[in-house]
Amino acid sequence: MKRIGKNKCPKCGFGSFDTEPNQYQILEFIDGKFEKIKMEGINKKDLRIFCRDCGSEIDEQESILQGKVILKNE
Ligand SMILES: [Zn+2]
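A quick note: this is a predicted structure, and the numbers were derived from the prediction, not measured. (Residues numbered from 1 in each chain as written. Predicted model: local features only at pLDDT ≥ 70, side-chain atom pairs only at ≥ 80, totals over all residues. Heavy atoms only, no water.)

> Just checking my understanding: could you explain unusual backbone geometry for this structure?
Keep in mind that most residues, glycine aside, have a negative phi and that most peptide bonds are trans. Unlike most non-glycine residues, D31 shows phi in positive territory, near 50°. You can see D31 is positioned in the loop between β2 (24–30) and β3 (33–40). (Helix = DSSP H or I, 4+ residues; strand = E, 2+ residues; numbered from the N terminus.)

> Got a minute to help me understand the coordination of the zinc ion in this structure?
Ideal coordination angles are 109.5 degrees for a metal with four donors arranged tetrahedrally and 90 or 180 degrees for a metal with six donors arranged octahedrally. Taken together, C9 (SG), C12 (SG), C51 (SG) and C54 (SG) make up the full set of protein donors to the zinc ion, lying 2.2 to 2.3 Å away. Taken together, the 4 donor atoms surrounding the zinc ion define angles of 102 to 113° at the centre, an arrangement classified as tetrahedral. Mapping the donors of the zinc ion onto the primary sequence yields the spacing C-x2-C-x38-C-x2-C. Using a relative accessible area of 3% as the deciding quantity, one classes C51 as buried. (Donors = N, O, S within 2.8 Å, 3.2 Å for Na, K, Ca; no water. Tetrahedral: all angles 85-135°; square planar, octahedral: opposite > 155°, others 65-115°. Buried < 20%, exposed > 50% of the residue type's maximum accessible area, 1.4 Å probe, protein only.)

If you want it as structure tokens, here you go:
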């Protein structure tokens, strides 16, 4: 059984996250919160976060609350 780290996508195990299409921002889940590791032209408050690999939407609030990456609607 493959163990996926709490800072990775729960679905595919990938460790980087994108924000909503049209924005260019790359996130990693570090020390219990999403850190922006790269961003360009961000001008929006409520960003949605997606796994860069499988495209699953991540629940930012819930992830921060639980200290691990949580998928939305699961
Ligand atoms: Zn994924």
